[in-house]
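Residue-level listing of the chains:
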Amino acid sequence: MSQITTERPANRLINESSPYLRQHAGNPVDWYPWSDTAVQKARQEDKPLLLSIGYSTCHWCHVMADESFSDPATAAIMNRDFVCVKVDREERPDLDTVFVNAVTAMTGSAGWPLHVFLEPQTLNPFFGGTYFPPQSRLGMASWTELLERITAAWQSPDDREKLGNTARAVEVFLEERLGSKRPESVPAGSVVSLIDKATATFTQKYDTEKGGFGKAPKFPMPSILHFLLAFAHAKGPEAETAGKMAIHTLQSMASGGIYDQIGGGFHRYSTDGNWHLPHFEKMLYDNAQLVSVLVDAYRLTNNPALLRVAEETADYILRDMVHPDGGFYSAEDADSPLPEDPSKHAEGAFYVWTTDEINGLLDPVAAQLVTRRFGIRPEGNVAGDPHGEFTGKNVLFQALSNDVLADVMKMQPSEADDLLAESVKSMMAHRETRPRPHLDDKIITAWNGLMISGLAKLYQVSSKYQYLAAAEKAARFMLENLVNENGDNVKQLNRIWRAGISRIPGLAEDYAFLAQGLLDLYEARFDVKWLDAAIEMTETMVSLFLDAETGSVYQTREGHDPHLRFRVREEIDNVLPAPGSILAGNLIRLHRYKKRGKYIAVAEKIVQSVVPLINQHPAAAPVLLAAAMALEKD
C-alpha cells in the first residue's frame with residue numbers, strides 16, 4: 001500500500017487531513033488538492049487538469065500509486081503536461097458523482113481509481129478511465145502512453161477541437177442526468193404500480209440458488225433488501241416472495257466469505273457469484289446498513305441466526321471502528337501487511353488462513369472440526385484465482401451447518417457448538433497478532449448516522465444496553481463536534497471530523513442520514529431530545545437542499561463549489577440511498593409524531609419528483625419506494 005515517504009520532499013498534499021490525500025504526499029507527482037489554485041494554474045498554463053479520484057482503502061488505488069505515481073519518470077510527464085489534482089471521494093461525493101457519470105457516459109463504465117481529464121477553462125471532462133497499468137497489456141494502453149496521446153491531441157488544433165466537442169456533449173449529458181433539467185412528471189396514482197414493477201425487476205434479477213441480484217461481482221445492496229423487507233411487512237402473505245428473497249440473500253452472505261467468520265462484519269463485495277471471495281475492505285456504511293436490514297429481517301422472521309449476525313457485526317464496529325469519544329471510523333483497507341514480511345502488502349492477508357496455521361494453533365480434533373466447518377484445504381479453497389494470490393490460502397466460509405458438522409464429527413450438537421466457539425476464540429486471538437489493515441480514521445457524518453440507526457434498532461430487539469449506549473455516545477459526539485451555527489443561529493453540519501478538526505460543509509446525505517439515526521435513537525427509548533434534534537436537522541436540510549418547486553433534493557447547498565457548473569441532483573438508491581429517499585422517509589415519520597401537514601406535503605413532492613426516473617428504471621430507487629409505501633398509510 002502506498003505510504004508517505006521521507007525520501008523526497010512531500011508535495012502539497014502533506015497539508016491535507018484526508019488519509020487518502022496524505023497517502024500520496026510522498027509521490028513525485030506535483031499533486032494539488034481540488035482548489036482554485038489548481039484551476040487557475042491550469043488556465044494560466046493552458047494545460048488540462050488531470051483529476052484522480054479515489055479513497056484510502058481502495059486496493060487498485062494503491063496499486064496504481066505504487067506502479068505509476070511513485071515512479072519519477074512517470075511523474076515527470078504528469079507534472080510537465082498536466083495540472084494534477086487528487087480528490088478523496090469520501091470527502092467530496094458530489095465531485096465523484098459528476099465525474100463517475102461523465103466517465104460512464106464516455107466509456108460505458110467507471111470505478112476507482114477514477115481518472116478524468118478536464119478542459120481548464122470550462123472544467124468539462126473530455127476523456128476518462130479507471131486503472132491503467134505501467135506497461136501496455138491485453139489491449140490496454142499504459143498510463144504513460146495515455147498521457148502522451150492526450151498531450152499530443154491537446155497540442156494539435158484539430159484534435160483539440162474534437163476534444164472540446166466531446167467535452168460539450170458530456171456537459172449536456174451531465175446537466176440532463178444530474179442537474180436541474182428533468183422530464184415531465186407523471187400522475188401520482190402511478191406510484192403504486194411502480195412498486196409492483198420494481199418488485200418484478202428484483203425477482204427477475206434474483207439468484208435463486210445463491211441469493212443476491214445479478215451476476216458477479218455481487219454487492220450486498222442494503223437498499224434493495226430494505227425495500228423487499230418493507231414490502232413484505234406492508235403487504236403480508238401476498239409479498240411472501242419478496243421477504244424470502246431478502247432473507248435468503250442475508251443468510252447466503254452470512255455463510256459466505258464476504259462475512260468475516262472469525263471477527264464479524266461484512267467485506268465490501270464478493271468477486272464471485274457465491275459470496276466466497278470478497279474484496280476485503282470493510283466499510284462503515286455497508287456494515288451499518290446491514291445491521292439495520294438484519295434487524296428488520298429478524299423482526300419479520302424471529303430467526304435468532306439473523307440477530308446473531310447483526311450483533312456480531314455491531315460488535316466488530318464497537319471493537320475496531322470506534323473513536324474513544326464515540327464517533328465511528330470510515331473503513332479498513334482491503335490490503336494488509338504480510339505477517340511473515342510486514343514490509344509487503346497483499347489483499348486479504350489479515351483474514352486468510354493456511355492448514356499449517358490451523359494445525360499449529362488447535363489440537364487435532366478442533367483443527368479437524370474447524371477445517372470441515374470453514375472449507376479449509378491444503379491447496380487453498382479459492383477457485384479461479386487468476387493471479388495466484390491465494391494459492392495455499394483459505395477464505396473461511398460455512399461449508400457445513402452446525403447440525404451437519406456435529407454429525408460428521410460424531411459429536412452431540414452442543415459439544416460441537418462449544419468446541420467451535422472455543423476454536424474461533426483461539427483463532428481470533430491469533431489473528432490479532434497479525435499486522436492489521438490500514439484504518440481510515442476520518443469520521444463522516446452521514447455514515448455515522450447510518451451506524452447510529454443500526455445500533456438503536458439493534459437495541460430495540462436485543463435489549464442489550466451496550467448498543468444503545470454506543471448509539472447515544474456517537475450521537476452526542478456528532479452534535480458536539482460536527483454542528484456549527486451560522487450568523488442566523490441556524491445549526492448546520494460539517495461532513496468530516498478528524499484529529500480534532502471539523503470541516504467541509506455538510507452535504508444532503510449528512511443531514512438526512514444523521515436525522516434518520518436520531519429518529520431511530522428516539523424510538524429506542526423515547527428521549528425527546530433526539531426527536532427535537534432530528535426535527536431541527538430535517539428542517540434545516542429542507543431549507544438548504546430542497547427545490548420547493550420541483551421536489552428535487554440536491555447533494556450540495558447553493559454556492560457549495562464555484563467550479564461546478566450546476567448543483568448535483570442524485571436520485572438513485574445505490575450502495576448508499578439517495579438523500580431525498582431518506583428525507584422523504586424522515587418526514588413521514590416526523591409527521592406521525594408532530595402531525596404537521598407540511599411534512600407529508602414535502603414527502604409527497606419528493607416522491608413525485610423521482611417518479612419519472614422510476615418509470616424509466618423501476619429498480620432505481622427502492623428506498624424511495626419504501627417511503628412511498630409508508631405514504632399510503634398516512
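Residues numbered from 1 in each chain as written. Predicted model: local features only at pLDDT ≥ 70, side-chain atom pairs only at ≥ 80, totals over all residues. Heavy atoms only, no water.

Draft legend 1. A look at the sheet that holds strand β9 (residues 331-332). Spatial strand order, β8-β9-β12: 3 strands in an open sheet with antiparallel pairing. This sheet does not close on itself; its edge strands, each paired only once, are β8 (282-283) and β12 (439-440). Pairing analysis gives 2 bridges linking β9 to β12, with the strands arranged antiparallel. What sits directly across from alanine 331, in β12, is aspartate 440. (Pairing = 2+ DSSP bridges. Helix = DSSP H or I, 4+ residues; strand = E, 2+ residues; numbered from the N terminus.)

Draft legend 2. Representation of the environment of glutamate 432 in the model. Secondary-structure assignment places glutamate 432 in the loop between α16 (413-431) and β12. Judged by relative accessible area, which is 36%, glutamate 432 ranks as partly exposed. Residues glutamate 432 and proline 324 lie 108 residues apart in sequence; the distance between their C-alpha atoms is 20 Å. (Buried < 20%, exposed > 50% of the residue type's maximum accessible area, 1.4 Å probe, protein only.)

Draft legend 3. Broad picture of the packing of aromatic side chains. In total, this model carries 25 aromatic pairs according to the counting rule given. Here the aromatic rings of phenylalanine 117 and phenylalanine 127 are separated by 6.4 Å at their centres, their planes lie at 45 degrees, and the arrangement is tilted. With a gap of 10 residues between them, phenylalanine 117 in strand β4 (residues 114-118) and phenylalanine 127 in strand β5 (residues 125-129) connect regions that are remote in the sequence. Members of the aromatic cluster, each reached through a chain of ring pairs, are Trp31, Phe69, Phe82, Phe117, Phe126, Phe127, Phe132, Trp143 and Trp154. (Phe/Tyr/Trp six-rings, centres within 6.5 Å; stacked < 30°, edge-to-face > 60°.)

Draft legend 4. Layout of the pairing of strand β11 (residues 341-347). Two strands pair when backbone bridges link them, and strand β10 (residues 335-338) and β11 are joined in this way by 4 bridges, in the antiparallel orientation. Looking at the pairing, aspartate 335 lines up with glutamate 347 of β11.

Draft legend 5. Spotlight on the state of the cysteines. Scanning the entire structure with this criterion turns up 1 disulfide. Two residues share a disulfide in this structure: cysteine 58 and cysteine 61, whose sulfurs sit 2.4 Å from each other. A torsion of 80 degrees about the S-S bond marks the disulfide between cysteine 58 and cysteine 61 as right-handed. Given the relative accessible area of 4%, cysteine 58 is considered buried. Left without a disulfide partner, cysteine 84 is nearest to the cysteine sulfur of cysteine 61, which lies 16 Å away. (Disulfide = S-S within 2.5 Å.)

Draft legend 6. Focus on the sheet that holds strand β2 (residues 49-54). If you walk across this open sheet you meet the 5 strands as β1-β3-β2-β4-β5, and the pairing is mixed. In this open sheet, the two edge strands, each paired with only one partner strand, are β1 (32-33) and β5. Pairing of β1 with strand β3 (residues 83-88), which is carried by 2 bridges, proceeds in the parallel orientation. By the bridge assignment, tyrosine 32 is partnered in β3 with valine 85. With respect to the sheet, helix α6 (residues 143-155) is in contact with β2, β4 and β5, its orientation differing from that of β4 by roughly 15 degrees. (Contact = heavy atoms within 4.5 Å. Axes fitted to C-alpha atoms, helices over the stretch in contact; angles between N-to-C directions.)

Draft legend 7. Just the pattern of salt bridges, in detail. Counting across every chain of the model gives 39 salt bridges. For aspartate 561, the salt bridge identified is with arginine 92, shortest N-O distance 2.8 Å. With aspartate 561 in the loop between α20 (528-545) and α21 (579-594) and arginine 92 in the loop between β3 and α5 (93-107), this pair connects stretches of sequence that are 469 residues apart. Across the pair, arginine 92 and aspartate 561 agree in class, each one buried. Close ionic contact of arginine 268 with aspartate 286 constitutes a salt bridge, the shortest N to O distance being 3.0 Å. With a gap of 18 residues between them, arginine 268 in the loop between α10 (240-255) and β6 (269-270) and aspartate 286 in helix α11 (residues 284-301) connect regions that are remote in the sequence. (Salt bridge = Lys/Arg side-chain N within 4 Å of Asp/Glu carboxyl O.)

Draft legend 8. Region of the structure containing unusual backbone geometry. The step from tryptophan 112 to proline 113 runs through a cis peptide bond, and the omega angle for that step is 5 degrees. Turning to its location among the elements, proline 113 is positioned in the loop between α5 and β4. A cis geometry characterises the amide bond from alanine 216 onward to proline 217, with omega recorded as -5 degrees. In this fold, proline 217 is placed in the loop between α8 (190-205) and α9 (222-235).

Draft legend 9. Expanded view of the side chain of threonine 313. Note on placement: threonine 313 falls in helix α12 (residues 304-320). Among all residues touching threonine 313, those that are not within four sequence positions of it are Tyr259, Gly265, Phe266, Asn287 and Val291.

Draft legend 10. Fine view of the confidence of the model for the chain. Taken as a whole, the chain shows an average pLDDT of 93; of its residues, 96% reach a score of 70 or greater. Contacts for the low-pLDDT stretch residues 1-6, under 50 throughout, to residues beyond four places or in other chains number 18 contacts. Low confidence marks residues 185-189, where pLDDT is under 50. Its contacts with residues over four positions away, or in another chain, come to 7 contacts. (pLDDT = per-residue confidence, 0-100.)

Draft legend 11. Just the side chain of serine 453, in detail. Mapped onto the elements, serine 453 comes out in helix α17 (residues 445-462). Within the structure, the side chain of serine 453 is placed 2.8 Å from the side chain of aspartate 520, a separation counted as a polar contact. Beyond its immediate chain neighbours, meaning those up to four positions away, serine 453 contacts Ser292, Gln516, Gly517 and Asp520. (Polar contact = N/O pair within 3.5 Å; in protein donor to acceptor, adjacent residues only side chain to side chain.)

Draft legend 12. Layout of the packing of α9 against helix α23 (residues 622-633). Packing of α9 against α23 leaves a shortest axis separation of 8 Å and a crossing angle of 20 degrees. With respect to their mutual orientation, α9 and α23 come out roughly parallel. Judged by the sense of rotation from one axis to the other, the crossing of α9 with α23 is left-handed. Residues Ser223, Ile224, His226, Phe227, Ala230, Phe231, Ala234 and Lys235 of α9 form the contact with α23, whose own contacting residues are Pro622, Val623, Leu625, Ala626, Met629 and Glu632. (Parallel < 35°, antiparallel > 145°, perpendicular 65-115°, else oblique. Left-handed = near helix turned anticlockwise from the far one by under 90°.)

Draft legend 13. Spatial organisation of the packing of α21 against helix α22 (residues 597-616). Where α21 meets α22, the closest approach of the two axes is 8 Å, and the angle between their N-to-C directions is 155 degrees. Judged on the interaxial angle alone, α22 and α21 are roughly antiparallel. The element α21 and its partner α22 pack so that their crossing is left-handed. Counted together, Gly580, Leu583, Ala584, Leu587, Ile588, Leu590, His591 and Lys594 of α21 and Gly597, Tyr599, Ile600, Val602, Ala603 and Ile606 of α22 form the full contact between these two elements. For the contact of α21 with α22, the class distribution of residues is 10 nonpolar, 3 polar and 1 charged. (Nonpolar A, V, L, I, M, F, W, Y, C, P; charged D, E, K, R; others polar.)

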